[in-house]
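Residue-level listing of the chains:
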Amino acid sequence: MFLIVHNQTYEKLYFFSPDGDKQWTGTCLPASSSKRVTLAARRLQISRVSEPEKASTVVTVVSIPRLLCAWKPLPGLDSSPWLAYYRRSATKRCYLVVMPRRDPSCFLKSIPDTVPLSSLMLPGTHETMALYGWPISQCQSMTLGSQLNSGIRVIDIRLAINGNRLISFHGIVSQYTPFSDVLHQLHAFLTAPSTCSETVVVSIKQEDDDTRRFPQLVREEIMKSPGGLDMWYLADRIPNLGEVRGKAVMFSRFGSDGWTGGVVGIHPPVWPDSARLGFTWDCKGTIVRVQDWYDIASFLSIPEKVEASTEILVAPEDFPSLLSISFLSASSLPFALPPLVALGLGWPNVKLGFEGVNSRVGRWLLERLTGTTPGLERNNDAGPRIRGWALMDFSHDPVSLVPLFIECNFRGRKAGEEGWI
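Described in the following lines is the structure provided in the data block. (Residues numbered from 1 in each chain as written. Predicted model: local features only at pLDDT ≥ 70, side-chain atom pairs only at ≥ 80, totals over all residues. Heavy atoms only, no water.)

Here five strands make up an open sheet; going across it, the order is 4-1-9-8-7 and the pairing mixed. Every other strand in the sheet has two partners, leaving strand 4 (33-38) and strand 7 (69-73) as the edge strands with one partner each. Here the average twist between neighbouring strands, direction ignored, is 20°. Two elements, strand 1 (residues 2-7) and strand 4, share six bridges in a ladder whose sense is antiparallel. Paired with Phe2 across the strands is Thr38, a residue of strand 4. The strands touched by helix 8 (residues 401-408) within the sheet are strand 8 (82-88) and strand 9 (94-100), with strand 9 carrying the most contacts at an inclination of about 60°. (Pairing = 2+ DSSP bridges. Helix = DSSP H or I, 4+ residues; strand = E, 2+ residues; numbered from the N terminus. Axes fitted to C-alpha atoms, helices over the stretch in contact; angles between N-to-C directions. Contact = heavy atoms within 4.5 Å.)

Put into structure tokens, the structure is as follows:
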């Protein structure tokens, strides 16, 4: 069989396959290149050295699946210095993309302090605490702590007043977690020695109608929590990364009663409900554009939803002060429930079902990263410039999107641009 291999690492790699006589045939791929490799068996050895018998300490062996599949990460590579994504199409063409493995729990450590948050690609989760109410209300399958350690850096916290405290809600459905628990988990993550280099954008949205008490309770609970107000960045502008390491960045979708100084944190003046064409506002000199069209008619609108959600993430080179916020989530009853939209249904590779948003976005990212997007001229420079904050449902299923979004932070960079040094 033939396998088209894309080496998207920064080093020259060797790819070996056994030929059946205990011999290995190999191919060398320079960094950021691709080549067709012949496989005599469904095993491939990836190495930094040119002789397989000398590769015992720098080798990864991957097993190539037999079945048709959309892009998926190959399992069994947890101890490898690389990630590998594989696809086998209906035409039986096989593709493999090899990328550098980055520690998702502290990937911001490798990014200069001078880069503004608007020039990063931050993975996020929509309805971060919505862990209950399948298939209508549930939007996530991982706890907050697991999300943060997996690379999530924008969280969407929706709260309502319950007695004298704030509880996580999705609309009118309680998600049970108190706001105080969210604050404790944020503090633990942002103060741990291994992750204090990180920052987390925290969008807080009011899910009840008591506009006077709600902002006061938010302030009171933050003040009583570990770290207090000192742990928060509360200015209404987009900061540079160095200003907010070890801090939570407030993105407020609620009023400011009980707070001094007017608005609280980054604050959109309006948020049109399910605006199909998105909306923009000026945040102290940074143009913020948002795509949050969620009320799609049915799963048949998934391709249009994906197109709108991904186009906004392609950063124009001539507009540096721009922040793109894209919600990959969508939901409507009865034919576009959150898990159906995010994950799809059935076996779309053999035309028995339909492909969800996450799988389609994964394909879009891999095509952009490898320069194989149909109809798009290959970028022979530093790679694609994909920037923004992307909030998704079920962020690690069925294709692991977070490592792909993280990798975008290290592509399309030029010294002296976007704060990169």
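In terms of residue burial, strand 2 (residues 13-18) counts as a mostly covered element, since six of its six residues are buried. Burial along strand 2 is two-sided: Leu13, Phe15 and Ser17 facing one way and Tyr14, Phe16 and Pro18 facing the other are all buried. With six bridges joining them, strand 2 and strand 3 (residues 24-29) adopt antiparallel strand pairing. Note on strand 3: the bridge partner recorded for Phe16 is Gly26. Taken together, the three bridges between strand 2 and strand 5 (residues 43-47) define a ladder with antiparallel strand orientation. Residue pairing for strand 5: Tyr14 is matched across the bridge by Ser47. (Buried < 20%, exposed > 50% of the residue type's maximum accessible area, 1.4 Å probe, protein only.)

To continue, consider the environment of Lys35. Along the chain, Lys35 falls in strand 4. Along the primary structure Lys35 and Leu391 are separated by 356 residues, whereas in three dimensions their C-alpha atoms are 34 Å apart. Aside from chain neighbours lying at most four places away, what touches Lys35 is Leu3, Ile4, Val5, Thr27, Cys28 and Leu29. Engagement of the side chain of Lys35 in a polar contact is seen with the backbone oxygen of Cys28, the distance being 3.3 Å. (Polar contact = N/O pair within 3.5 Å; in protein donor to acceptor, adjacent residues only side chain to side chain.)

Counting 94 residues, the largest nonpolar core has Phe179, Ile204, Val218, Trp232, Trp389 and Phe405 as the members making the most contacts within it. Sequence-distant contacts of Phe405, defined by excluding residues within four places in its chain, comprise Met121, Pro123, Leu313, Leu328, Val361, Leu365, Ala390 and Met392. Of all hydrophobic cores here, the second largest spans 20 residues; its members include Leu3, Val5, Tyr86 and Leu96. (Core = buried A, V, L, I, M, F, W, Y, C linked by side-chain atoms within 4.5 Å.)

A few words now on the pattern of salt bridges. Summed over all chains, the structure comprises 16 salt bridges. A salt bridge links Lys284 to Asp236; the shortest N-O distance between them is 3.3 Å. You can see Lys284 sitting in the loop between strand 17 (279-283) and strand 18 (286-291) and its partner Asp236 sitting in the loop between strand 15 (232-233) and helix 4 (241-244), a full 48 residues away along the chain. Judged by relative accessible area, Lys284 falls into the exposed class, the value being 61%. Salt-bridge contacts for Glu418 lead to Arg413; the nearest nitrogen and oxygen are separated by 3.1 Å. Per residue, the accessibility class of Glu418 equals that of Arg413, and both read buried. One network of salt bridges, with partners in common, ties together Arg385, Arg387, Arg413, Glu417 and Glu418. (Salt bridge = Lys/Arg side-chain N within 4 Å of Asp/Glu carboxyl O.)

Take unusual backbone geometry next. Backbone torsion omega between Trp134 and Pro135 reads 0°, so that peptide bond is classified as cis. If you trace the backbone, Pro135 turns up in the loop between strand 10 (121-125) and helix 1 (144-149). Residue Pro334 follows Leu333 across a cis peptide bond; omega there is 0°. Checked against the element boundaries, Pro334 lands in the loop between strand 19 (322-327) and helix 6 (338-343). Phi is positive for Lys351, close to 60°, though the residue is something other than glycine. Checked against the element boundaries, Lys351 lands in the loop between strand 20 (344-347) and strand 21 (352-355). For Lys351, a relative accessible area of 75% translates into the label exposed.

Let's shift gears to a nonpolar patch on the surface. A contiguous nonpolar surface patch, about 430 Å² in accessible area, is contributed by Leu68, Trp347, Val350 and Leu352. Here Leu68 is to be found in the loop between strand 6 (59-63) and strand 7. (Patch = residues over 30% accessible without salt bridge, like charges linked within 9 Å, V, L, I, M, F, W, Y side chains within 5 Å. Areas by Shrake-Rupley, 256 points an atom, 1.4 Å probe, with all protein chains shown as cover.)

The next thing to look at is helix 2 (residues 179-191). End to end, helix 2 covers 18 Å across 13 residues, agreeing with the expected 18 Å (1.5 Å per residue, within 8%). For helix 2, the full list of buried residues reads Phe179, Val182, Leu183, Leu186, Phe189 and Leu190. Buried positions in helix 2, seen along its axis, are confined to an arc of 130° and lie on one side of it. (Expected span 1.5 Å × (residues − 1). Arc of directions from axis to C-beta.)

This brings us to the packing of helix 5 (residues 302-311) against helix 7 (residues 357-370). It is the contact of helix 5 with helix 7, at a shortest axis distance of 10 Å, that shows an interaxial angle of 45°. Considered as vectors, helix 5 and helix 7 are oriented oblique to each other. Of the two possible hands of crossing, helix 5 and helix 7 adopt the one that is right-handed. Within the contact between the two elements, helix 5 uses Ile302, Pro303, Lys305, Val306 and Thr310 and helix 7 uses Val357, Arg360, Val361 and Trp364. Split by residue class, the contact of helix 5 with helix 7 holds six nonpolar, one polar and two charged. (Parallel < 35°, antiparallel > 145°, perpendicular 65-115°, else oblique. Left-handed = near helix turned anticlockwise from the far one by under 90°. Nonpolar A, V, L, I, M, F, W, Y, C, P; charged D, E, K, R; others polar.)

All chains considered together, the criterion is met by twelve aromatic pairs. Centroid distance Tyr132 to Tyr176: 5.2 Å. Interplanar angle 80°. Geometry classified as edge-to-face. Placement of the pair is Tyr132 in the loop between strand 10 and helix 1 and Tyr176 in strand 13 (residues 173-178), with a sequence separation of 44 residues. Look at Tyr176 and you get exposed, because its relative accessible area is 56%. Ring geometry for Phe214 versus Phe254: centroids 5.6 Å apart, planes at 65°, classification edge-to-face. With Phe214 in helix 3 (residues 213-224) and Phe254 in the loop between strand 16 (248-253) and strand 17, the pair connects residues that are 40 residues apart, well separated along the chain. On the accessibility criterion, Phe214 (0% relative accessible area) is buried. Members of the aromatic cluster, each reached through a chain of ring pairs, are Phe251, Trp271, Phe279, Trp281, Phe327 and Trp389. (Phe/Tyr/Trp six-rings, centres within 6.5 Å; stacked < 30°, edge-to-face > 60°.)

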